[in-house]
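Observations on the three-dimensional arrangement
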Amino acid sequence: MIEASDICKSFDGNKVLKGISFEVKKGEVVAIIGPSGSGKSTLLRCINLLEKIDSGKITVEDEIMVSTNEAGRAIYADRKSLRKIRLKIGLVFQNFNLFPHYSVLKNITEAPVSVAGINKEEANKIAHELLVKMGLEDKANAYPCNLSGGQCQRVAIARALALNPDVLFFDEPTSALDPELTLEVLKVIRKLAQEHMTMVVVTHEMNFAREVADRVIFMDNGVIVEEGTPEEVFSNPVNERTKLFIKGFE
Ligand code: ADP
Ligand code: MG
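What counts, and at which threshold
- Residues numbered from 1 in each chain as written.
- Chains lettered and ligands numbered in written order.
- Predicted model: local features only at pLDDT ≥ 70, side-chain atom pairs only at ≥ 80, totals over all residues.
- Heavy atoms only, no water.
- Pairing = 2+ DSSP bridges.
- Helix = DSSP H or I, 4+ residues; strand = E, 2+ residues; numbered from the N terminus.
- Axes fitted to C-alpha atoms, helices over the stretch in contact; angles between N-to-C directions.
- Near = heavy atom within 4 Å.
- Polar contact = N/O pair within 3.5 Å; in protein donor to acceptor, adjacent residues only side chain to side chain.
- Areas by Shrake-Rupley, 256 points an atom, 1.4 Å probe, with all protein chains shown as cover.
- Nonpolar A, V, L, I, M, F, W, Y, C, P; charged D, E, K, R; others polar.

Some words on the sheet that holds strand 7 (residues 89-92)
With mixed pairing, six strands are arranged side by side in an open sheet as 7-8-9-3-10-11. Each end of this open sheet is capped by a strand with a single partner; those strands are strand 7 and strand 11 (223-228). Between one strand and the next, the sheet's axes are offset by a mean angle of 20°, whatever the strand orientation. Two strands pair when backbone bridges link them, and strand 3 (residues 29-33) and strand 9 (residues 198-202) are joined in this way by four bridges, in the parallel orientation. By the bridge assignment, Ile-32 is partnered in strand 9 with Val-202.

Spelled out as structure tokens, the structure:
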């Protein structure tokens, strides 16, 4: 589904991604773990076109999003192709990023109507189905300020799903939540995994990663240090940095 190779990204001369290569297969759940500042969010943002890479190559469903020319410069696909690719990837942030002045329903239908050109009736129908799925069927007319953090995050997940993405990215979806609210959000993500939704989840929830992920990637200081099945990475880490990091959560 997604193939990234040798991604490099700097901010003001500070190398944040130092040649990252990885792939995501259809139906797979990939967990990305690693210390704060290791470049996890930047990696997601680069694949999601919120940041531009300096060099490397990213392919989404066999369509080249960006590649690097002989002079070492990143060359992006044309705007129309990028728009299409972007719609394939849903993103859920740590802080929900809901529109505070929109109802729950409007938060979910806004992009389908104004970006994807779906008619309002159809968008409302999809939104209601998603709210049922998220256990929020009675919240369509509520405003974000009247919801718990866990409810907000489930609205944000519904909003991402409303565009019918082929893959969902989560950037620390539970880091802003209390343990109890964390569980209700993880439950929803687990359910999506059971439905074989392709997902990339940056998380500090090690038990969750261990249980739900097909593959775990450990990042540190802009590189992928170790990658494998949850069993390999959590029970038999090879790299010293991975061992130390995981030990910190025990
Ligand atoms: P993580 O998500 O793993 O905590 P980030 O990708 O957020 O890491 O950040 C990696 C590094 O890049 C950090 O040192 C951070 O300060 C830096 N960084 C991230 N975004 C920006 C930005 N927009 N401008 C400058 N530096 C940034
Ligand atoms: Mg981050």
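The rest of the description comes next.
What to know about the site of ligand 1
Taken together, Phe-11, Val-16, Pro-35, Ser-36, Gly-37, Ser-38, Gly-39, Lys-40, Ser-41 and Thr-42 make up the full set of residues near ligand 1. A distance of 2.7 Å is found between an oxygen atom of ligand 1 and a backbone nitrogen or oxygen belonging to Gly-37. Contact distances for ligand 1 include 3.0 Å between an oxygen atom and a backbone N or O atom of Gly-39. About the coverage of ligand 1: the protein hides 60% of its 560 Å² of free accessible area. Residue contributions to the shell around ligand 1 peak at three residues, all from helix 1 (residues 40-47). Here the residues of the shell around ligand 1 are counted per class, giving three nonpolar, six polar and one charged.

Remarks on the pairing of strand 5 (residues 63-68)
As defined by bridge partners, strand 4 (residues 55-60) adjoins strand 5 across three bridges and the pair is classed as antiparallel. Within strand 5, the residue paired with Val-60 across the bridge is Glu-63. Between strand 4 and strand 5, which follow one another and run antiparallel, lie two residues, and Glu-61 among them has a positive phi close to 45°. For strand 5 and strand 6 (residues 74-76), the ladder comprises three bridges, and the chain directions are antiparallel. Residue pairing across strands places Ser-67 opposite Ile-75, the latter belonging to strand 6.

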